[in-house]
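Residue-level structure breakdown
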Amino acid sequence: MTIAEELLLLAYDNEGRPAVTTTWLDPAIAAAVLAELVVRGRMELSGRKLSVRDPARLGEDELDAALALMGTRSRRPVSCIQLLERHGLRRRLLARLVTGGVLAETRGKALGLFPVRRWPEARPGGRAEIRARVTAVLAGAEPDARTGTLVAILHADRYTRTFFPGYDDRRFKEVCEGGWAAEPVRRAVSVIADAALYAMAGE
């Protein structure tokens, strides 16, 4: 499961409804894809722009598709996020999670009139495992690169208290600045996460 898929799982409640607006969610999951490519050595931040460092496939369809989409051009992080958003990333990730048996897709009508889709967990435990891993880090455990990246995106995009209420912002900052990755990688992840805020505003 990619970091973006983990973020997507956190963003849907037990009834399969988004707990946050798609205006926030779409840039955040795009940022998670880019951040994972940086963590896995496929993209890098040079100056103010992101570029592909190594185009070799990772064997994860969405990560490989993002690499191909970035091509050989260097772009501002916010432009990279907007590019991924325009290609239906959230819809494809939801479909992948349904195909993988992680989520189920249900359809109904609100008030008997308006079509409604829900994505409840098909295999209980996935969301709880992610929450437990992040909660352990917030309680003092050392994060790995995956969890550090996830926390960095949640913290920069100001939804930490939505998903993990009761924790001091100082702990989120400590995690973001921790030693779960080399400094250039952590800096790139931070810049990408911050760029998601600008993408939410359509800038």
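Refer to the structure presented above.
Residues numbered from 1 in each chain as written. Predicted model: local features only at pLDDT ≥ 70, side-chain atom pairs only at ≥ 80, totals over all residues. Heavy atoms only, no water.

With respect to the overall build of the protein
Basically, it comes down to this: Strands are runs of DSSP state E lasting at least two residues, helices are runs of H or I lasting at least four, and both sets are numbered from the N terminus onward. Just to be clear, the radius of gyration here is over C-alpha atoms, and the globule rule we use is 2.2 Å times residues to the power 0.38. A 1.4 Å probe rolled over the protein chains alone gives each residue an accessible area, and that area as a share of the maximum for its type sets the label: buried under 20%, exposed over 50%, partly exposed in between. For this analysis, residues touch if any pair of their heavy atoms sits within 4.5 Å.
From N to C terminus, the protein includes ten helices and four strands. Going from the N terminus to the C terminus, the protein shows its helices and strands as α-α-β-β-α-α-α-β-β-α-α-α-α-α. For 203 residues, the compact-globule estimate of 2.2 N^0.38 gives 17 Å, and the C-alpha radius of gyration of the protein, at 17 Å, lies within 12% of that figure. Seen along its three principal axes, the alpha-carbon backbone of the protein occupies a region of about 55 × 40 × 30 Å. With 203 residues in all, the protein has 44% of them scored as buried. For the protein, restricting intrachain contacts to residue pairs at least 6 apart in sequence, the fraction spanning at least 24 positions comes to 62%.

Some thoughts on helix H7 (residues 145-156)
This is how it is decided: Helix span, as expected, comes to 1.5 Å for every residue beyond the first.
Spanning twelve residues, H7 covers 16 Å between terminal C-alpha atoms, matching the ideal 16 Å at 1.5 Å per step. Among the twelve residues of H7, nine are classified as buried, and the element is accordingly described as predominantly covered. Considered for burial, the residues of H7 that qualify are Thr 147, Gly 148, Thr 149, Leu 150, Val 151, Ala 152, Ile 153, Leu 154 and Ala 156. The inward-facing, buried residues of H7 abut helix H1 (3-11), helix H2 (22-39), helix H6 (126-138), helix H8 (160-163), helix H9 (169-176) and helix H10 (183-200).

Side note on the side chain of Glu 62
This is how it is decided: Distance and chemistry together define a polar contact, namely a pair of N or O atoms within 3.5 Å, with one atom able to donate a hydrogen and the other to accept it when in protein, and with adjacent residues in sequence counting only for side-chain atoms on both sides.
With respect to the helices and strands, the residue Glu 62 is situated in helix H3 (residues 61-70). For Glu 62, a relative accessible area of 9% translates into the label buried. Reaching out from Glu 62, the side chain makes a polar contact with the side chain of Arg 92 at a distance of 2.9 Å. Apart from residues no more than four positions distant in its own chain, Glu 62 is found in contact with Leu 89, Arg 92, Leu 93 and Arg 96.

A closer look at the packing of H6 against H7
So the rule is basically this: Whenever a helix is involved, its axis is fitted only over the stretch in contact; in every case the axis is a line through C-alpha atoms, and angles between N-to-C directions fall within 0 to 180 degrees. Working definition: roughly parallel below 35 degrees, roughly antiparallel above 145 degrees, roughly perpendicular at 65 to 115 degrees, and oblique for all remaining angles. Residue type decides the class: Asp, Glu, Lys and Arg count as charged, Ala, Val, Leu, Ile, Met, Phe, Trp, Tyr, Cys and Pro as nonpolar, and the leftover types, Gly among them, as polar.
Relative to each other, H6 and H7 sit at 85°, their axes nearing to 10 Å. Overall, the two elements H6 and H7 adopt an arrangement that is roughly perpendicular. Across the interface between the two elements, Ile 130, Arg 133, Val 134 and Val 137 of H6 pack against Arg 146, Thr 147, Leu 150 and Val 151 of H7. Of the residues assigned to the contact of H6 with H7, the class counts are five nonpolar, one polar and two charged.

Here we look at the packing of H2 against H3
Axes are the key here: two packed helices are described by the angle between their axes and the distance separating the axes. As a packed pair, H2 and H3 sit with axes 10 Å apart at the nearest point and diverge in direction by 90°. Considering their axes alone, H2 and H3 lie roughly perpendicular with respect to each other. Counting all contacts with H2, which are made through Val 33, Leu 34, Glu 36 and Leu 37, the residues of H3 involved are Leu 63, Ala 66, Leu 67 and Met 70. Residues that form the contact of H2 with H3 fall into these classes: seven nonpolar, no polar and one charged.

Some thoughts on H6
Operational definition: Our arc is simply the arc of the directions from the helix axis toward the C-beta atoms.
When the terminal C-alpha atoms of H6 are compared, their 19 Å separation across 13 residues agrees well with the 18 Å that a helix rising 1.5 Å per residue should span. Taken together, the buried positions of H6 are Arg 127, Ile 130, Arg 133, Val 134, Val 137 and Leu 138. For H6, the angular spread of buried residues about the axis comes to 140°, placing them on one side. Looking at the packing, one finds that the buried side of H6 touches H1, H7 and H9. Gly 140 occupies a position one or two residues after H6 and carries a positive phi of about 130°.

Some remarks on the pairing of strand E1 (residues 43-46)
Note the cut-off: Pairing between two strands is assigned when DSSP locates at least 2 bridges connecting them.
Of the two faces of E1, only one is covered, namely that formed by Met 43 and Leu 45; the face formed by Glu 44 and Ser 46 stays uncovered. Inspection of the sheet shows E1 paired to strand E2 (residues 49-52) by four bridges, in the antiparallel sense. Across the sheet, the residue bridging to Leu 45 is Leu 50, located in E2.

A short note on the nonpolar core
Let me state the cut-off plainly: Definition used in this section: a nonpolar core is a set of buried Ala, Val, Leu, Ile, Met, Phe, Trp, Tyr and Cys residues joined via side-chain atoms within 4.5 Å.
Leu 7 and Leu 34 are the most contacted members of the largest nonpolar core, which totals 64 residues. It is H2 that provides the largest number of residues to this core, a total of twelve residues. The residues contacting Leu 34, other than those within four sequence positions of it, are Met 43, Leu 50, Met 70, Pro 77, Cys 80, Ile 81, Leu 84 and Ile 192.

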